[in-house]
Amino acid sequence: CGSLLRDDLAPRTAALDDLRDAIVTRGFFYCAGVGELFNESYIASMYDFSRRAHALPPAVKRRHSRPHGGYTGPDAGVLGNV
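Conventions adopted
- Residues numbered from 1 in each chain as written.
- Predicted model: local features only at pLDDT ≥ 70, side-chain atom pairs only at ≥ 80, totals over all residues.
- Heavy atoms only, no water.
- pLDDT = per-residue confidence, 0-100.
- Helix = DSSP H or I, 4+ residues; strand = E, 2+ residues; numbered from the N terminus.
- Phe/Tyr/Trp six-rings, centres within 6.5 Å; stacked < 30°, edge-to-face > 60°.
- Buried < 20%, exposed > 50% of the residue type's maximum accessible area, 1.4 Å probe, protein only.
- Expected span 1.5 Å × (residues − 1).
- Patch = residues over 30% accessible without salt bridge, like charges linked within 9 Å, V, L, I, M, F, W, Y side chains within 5 Å.
- Areas by Shrake-Rupley, 256 points an atom, 1.4 Å probe, with all protein chains shown as cover.
- Salt bridge = Lys/Arg side-chain N within 4 Å of Asp/Glu carboxyl O.

This part takes up the confidence of the model for the protein. Per-residue confidence for the protein averages 78 on the pLDDT scale, and 78% of its residues sit at or above 70. The least confident element of the protein, judged by mean pLDDT, is helix α2 (residues 34–37) at 76; the most confident is helix α3 (residues 40–54) at 90.

The next subject is the packing of aromatic side chains. The final tally for this structure, using the stated rule, is one aromatic pair. Ring centres of Phe 38 and Tyr 42 lie 5.1 Å apart, and the angle between their planes is 35 degrees; on these two criteria the pair is classed as tilted. With a relative accessible area of 32%, Phe 38 lands in the partly exposed category.

With that settled, consider helix α1 (residues 9–26). Helical geometry note: an α-helix holds 3.6 residues per turn, so side chains three or four residues apart project in the same direction. If you check α1, its first and last C-alpha atoms are 25 Å apart, about what 18 residues at 1.5 Å a residue would give, namely 26 Å. Turning to α1, its buried residues are Ala 15, Ala 22 and Val 24. Phi turns positive, to about 85 degrees, at Gly 27, one or two residues after α1.

Bringing a nonpolar patch on the surface into the picture now. A cluster of nonpolar side chains, contributed by Leu 5, Leu 37, Phe 38, Tyr 42, Met 46 and Phe 49, occupies part of the molecular surface with about 550 Å² of accessible area. The biggest single contributor to the nonpolar patch is α3, with three residues.

A pair can form between side chains of opposite charge whenever their charged atoms are brought close. Under the criterion given, the structure shown has two salt bridges. Salt-bridge contacts for Asp 21 lead to Arg 26; the nearest nitrogen and oxygen are separated by 3.6 Å.

So, in C-alpha cells, the structure goes:
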C-alpha cells in the first residue's frame, strides 16, 4: 500500500489499478504495513465502517451488488429483486 502514497505517478497508478481490480473482482483487499502509513484512529474508523457495512440488511447490500463482482454473499438473492 505504500505505493499509493508515492509522489512518482507510475507506481501510484499501478497500485491504484491493482486496488480497484481487487475491490471490483473480489470485493476486498489486504494492505500490509498499514500502521506505518495511517494513524490508529483512522484505521479504527475503517474497521468501524466495515463492521457497519457488513451489518446492513440484505436488501440494502443488494442495491450495491454488481453483475460482475460486488456483493455476492449468501444472502444476496434471499429476497429476490428489491
